[in-house]
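Survey of secondary and tertiary structure
Listed here are the chains, written in short residue letters.
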Amino acid sequence: MIHPEPTHRMLIGGRLVGAEGGLLSVLNPATEEIVGHVPDAGDAQLDAAVSAARRAFVTWRATPVDERRAVLAACASTVREHTGELAVLLTTEQGKPLADARIEITTFADWLDAHAAMEYPDDEITETGTHRVRVRRVPLGVVAGIVPWNYPVVLAAKKIGPALLAGNTIVVKPSPYTPLTTLRVGELLADVVPAGVVNIISGGDSLGPRLTGHPGIRKIAFVGSSATGRKVMASAARNLSRVTLELGGNDAAIVLPDVDVDEVARRVFWTCFVNSGQLCIAAKRVYVHEDVYDAFAERFAELARSVKVGNGMEDGVQLGPLQNRAQYEKVVGLIKATIGSGARLLVEGAIPDGPGYFVHPTVVDDPADDAAIVTQEPFGPVVPLLRFRDVDDVVRRANDSEYGLAGTVWSRDIAAAEELAARIEVGTVWINQEAIPTPDLPFGGHKASGIGVENGLEGVLEHTDIQVLSIRKA
Ligand code: NAD
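Worth saying up front: this structure is predicted, and the values here are computed from it rather than measured. (Residues numbered from 1 in each chain as written. Predicted model: local features only at pLDDT ≥ 70, side-chain atom pairs only at ≥ 80, totals over all residues. Heavy atoms only, no water.)

Describing the pairing of strand β12 (residues 251-255)
Of all 5 residues in β12, 5 are buried, a share of seventy percent or more. The alternating pattern of β12 places Asp-251, Ala-253 and Val-255 and Ala-252 and Ile-254 on opposite faces, both of which are buried. Examined bridge by bridge, β12 and strand β13 (residues 283-289) share 5 bridges and lie parallel to one another. The residue bridging Asp-251 from the neighbouring strand is Ala-283, located in β13. Looking at chain direction, β12 and strand β18 (residues 406-410) are connected through 4 bridges and run parallel. Looking at β18, one finds that Ala-252 is bridged to Gly-407. (Buried < 20%, exposed > 50% of the residue type's maximum accessible area, 1.4 Å probe, protein only. Helix = DSSP H or I, 4+ residues; strand = E, 2+ residues; numbered from the N terminus. Pairing = 2+ DSSP bridges.)

Take a look at the structure:
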């Protein structure tokens, strides 16, 4: 079979390169039409990317940090200037509404800017009468940045920002489902970043394991499912690479009885359904106090019925399709199993016949705690509301999960909310606000939701090794 030329090329060692082997097709999840072809990188191209990053590391680590900051800022402005074009491409391959795609592109730029401005201690000196001791933070080498399909662009920024600031170079690998916008960003950055400092390669299912097992990789910064995270950690053991694993979640939203029901129902609704529920920190179990359960459920169901689902390129669409067929089948299977189990639904969302992987919001009414819809991470537009009476009970139920990513707590009584939040076994709890990470605060999962942290000073330091110079004074 003769393949067409790729629509997007990889960035390797400062050059834009096409396919040496096969190509992968990329589908628009709203239409199921092919919208691009990308290289399926073979071993030679993977080696070329890691070697280019390794060579660039020698100079990049010695580049003054202010120059590294300037490169990050230049990347941010280049991407920001192309927001319109990149957002259309992102909606086309990922499915999210165009307005959300624009936010994702500008957030990419904002995160790089935030890292460009971040201070981190790379040389702390203490003196005693007899010794001068320096604790230095030295970069690691080549980082592999592995990204899933739900927020492909902004998650790439979370890999590139801290890696480059700390003096590392990087090989970024987007998901085979959503490589187009990331490769396009690479095309735009080819003349902005010194050759080899950022490399972006695309490929099929075998590329991730080949990249994480490559002997030239010193750190793996991975975002994806907990199942894949376990494989990544095993692969890292071979080279004793450092790992940061940002994995799955089954986050609880907890609504106390003193809230403004209308407002909190709306805000929790969007915490659940943003990006059609395909967000690691989306609320996936909503615990509502019995005093306000019925009013909350009514308002929440109204929103679920009225939200506009469709092709993200159409005006007024608020939720796009699921991103790929496998995810669509998983979510549809979970909804059907929930209905089959006899659970009550407050809203049974339509699942129209194709084309497109569309599932309308579905809301489950107080299912059993051990129902699959409560214990699993659906990663789609289906959410259970669960009734609770007392705080100890809801804390126990929220913590009864293998995951420990994040959560939200909603109450007018901030002290009570804070006390409750501190008892939830997760990495972040947002109180009276939607789940939105910021570049200045460390973010990471407890339990099966991850290892290590991204973002903030801690996220940058995870891209360094410590070197101690202990100097005895003459
Ligand atoms: P996934 O684990 O299937 O894939 C993630 C990435 O890993 C993709 O680029 C994939 O090609 C690559 N990959 C697959 N197998 C690999 C292997 N053996 N070795 C190395 N790389 C491999 O995840 P997904 O389905 O793309 O994304 C959804 C999951 O990601 C959900 O569980 C979600 O909660 C999680 N997620 C977590 C965060 C977070 O910050 N904690 C953020 C976004 C998504």
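Observations regarding the UniProt feature "active site" (unreviewed entry) in the protein
Under the feature "active site" (unreviewed entry), the UniProt entry names Glu-246. Those residues in contact with Glu-246 that lie beyond four places of it in its chain are Phe-222, Val-223, Gly-224, Phe-443, Gly-444, Gly-445, Ser-449, Gly-452, Val-453 and Glu-454. (UniProt positions renumbered as here; feature names shortened; annotations may be inferred. Contact = heavy atoms within 4.5 Å.)

Focus on the packing of helix α2 (residues 65-81) against helix α5 (residues 152-165)
The contact between α2 and α5 brings their axes to 9 Å, and the two run at 160 degrees. One way to sum up the angle between α2 and α5 is to call them roughly antiparallel. The chirality of how α2 crosses α5 is right-handed. Across the interface between the two elements, Val-65, Arg-68, Arg-69 and Leu-72 from α2 touch Ile-160, Gly-161, Leu-164 and Leu-165 from α5. The class makeup of the residues in the contact of α2 with α5 is 5 nonpolar, 1 polar and 2 charged. (Axes fitted to C-alpha atoms, helices over the stretch in contact; angles between N-to-C directions. Parallel < 35°, antiparallel > 145°, perpendicular 65-115°, else oblique. Left-handed = near helix turned anticlockwise from the far one by under 90°. Nonpolar A, V, L, I, M, F, W, Y, C, P; charged D, E, K, R; others polar.)

Some thoughts on the site of the ligand
The environment of the ligand is made up of 29 residues, and the closest members are Val-147, Ser-225, Thr-228, Leu-247 and Glu-377. Out of a free accessible area of 850 Å², the ligand has 87% covered by protein chains. Broken down by secondary-structure element, the contributors of at least two residues to the shell around the ligand are α7 (207-212), β10 (219-223) and α8 (226-239). Residues of the shell around the ligand, tallied by class, amount to 16 nonpolar, 9 polar and 4 charged. Here the shell around the ligand spans two domains, and each of domain 1 (10-247 + 449-469) and domain 2 (251-438) adds at least three residues to it. (Near = heavy atom within 4 Å. Areas by Shrake-Rupley, 256 points an atom, 1.4 Å probe, with all protein chains shown as cover. Domains from an automatic or database assignment.)

Structural notes on the layout of surface pockets
Counted as a void, the largest pocket has a volume near 1100 Å³. Around the largest pocket, the lining comprises 41 residues; the ones closest to its centre are Trp-149, Phe-222, Gly-224, Ser-225 and Thr-228. Looking at the lining of the largest pocket, the elements with two or more residues in it are α7, β10, α8 and α11 (325-340). The leading source of residues in the lining of the largest pocket is α8, at 7 residues. Residues of the lining of the largest pocket, tallied by class, amount to 18 nonpolar, 15 polar and 8 charged. (1 Å grid on protein atoms, 1.4 Å probe; cavity = no way out; pocket = protein on both sides within 12 Å on 5 of 7 lines; lining within 4 Å. Points joined across faces, edges and corners; volume = space filled by probe spheres on them.)

As for the packing of helix α9 (residues 261-273) against helix α10 (residues 293-306)
Two numbers describe a pair of packed helices, the interaxial angle and the distance between the axes. Taken N-terminus to C-terminus, the directions of α9 and α10 make an angle of 50 degrees; their axes are 9 Å apart at the nearest point. One finds that α9 runs oblique with respect to α10. Note that α9 runs across α10; the crossing there is right-handed. Between α9 and α10, the contacting residues are Val-261, Asp-262, Val-264, Ala-265, Arg-266, Val-268, Phe-269, Cys-272 and Phe-273 on the first element and Ala-295, Phe-296, Arg-299, Phe-300, Leu-303 and Ala-304 on the second.

Focus: the side chain of Asp-365
As for its position among the elements, Asp-365 is in strand β15 (residues 362-365). On the basis of relative accessibility, which here comes to 14%, the residue Asp-365 falls in the buried class. A distance of 2.7 Å separates the side chain of Asp-365 from the side chain of Tyr-293, its partner in a polar contact. (Polar contact = N/O pair within 3.5 Å; in protein donor to acceptor, adjacent residues only side chain to side chain.)

Topic: the domain arrangement of the protein
Domain assignment breaks the protein into domain 1 (10-247 + 449-469) and domain 2 (251-438). Using C-alpha coordinates to define each centre, domain 1 is positioned 30 Å away from domain 2. Buried area between domain 1 and domain 2, both sides added, is near 2200 Å², and the carbon and sulfur share of it is 54%. Sorting the residues of domain 1 by area buried against domain 2 places Glu-32, Trp-149 and Ser-449 first, and these three jointly supply 24% of that buried surface. Our enumeration of links across domain 1 and domain 2 arrives at 1 salt bridge. Notably, a salt bridge pairs Glu-32 with Arg-325, separated by 3.3 Å at the nearest N-O pair. Taken together, domain 1 and domain 2 are joined by 11 residue pairs in polar contact (both at pLDDT 80 or more). Elements supplying a minimum of two residues to the side of domain 1 that touches domain 2: α3 (83-94), α4 (98-116) and α8. Here the side of domain 1 that touches domain 2 takes 4 residues from α3, the largest share from any one element. By residue class, the composition of the side of domain 1 that touches domain 2 is 11 nonpolar, 9 polar and 6 charged. (Buried area = accessible area lost by both parts, 1.4 Å probe. Salt bridge = Lys/Arg side-chain N within 4 Å of Asp/Glu carboxyl O.)

Focus on the sheet that holds strand β22 (residues 464-472)
Through backbone hydrogen bonds, the strands of a sheet pair up, either in parallel or in antiparallel fashion. Pairing within the open sheet is antiparallel, and its 3 strands lie in the order β5-β6-β22. Looking at which strands have only one partner, the edges of the open sheet turn out to be β5 (123-127) and β22. Taken pair by pair, the neighbouring strands of this sheet meet at an average axis angle of 15 degrees, ignoring direction. Across 5 bridges, β5 lies against strand β6 (residues 131-139) in antiparallel orientation. Looking at the pairing, Ile-125 lines up with Arg-134 of β6.

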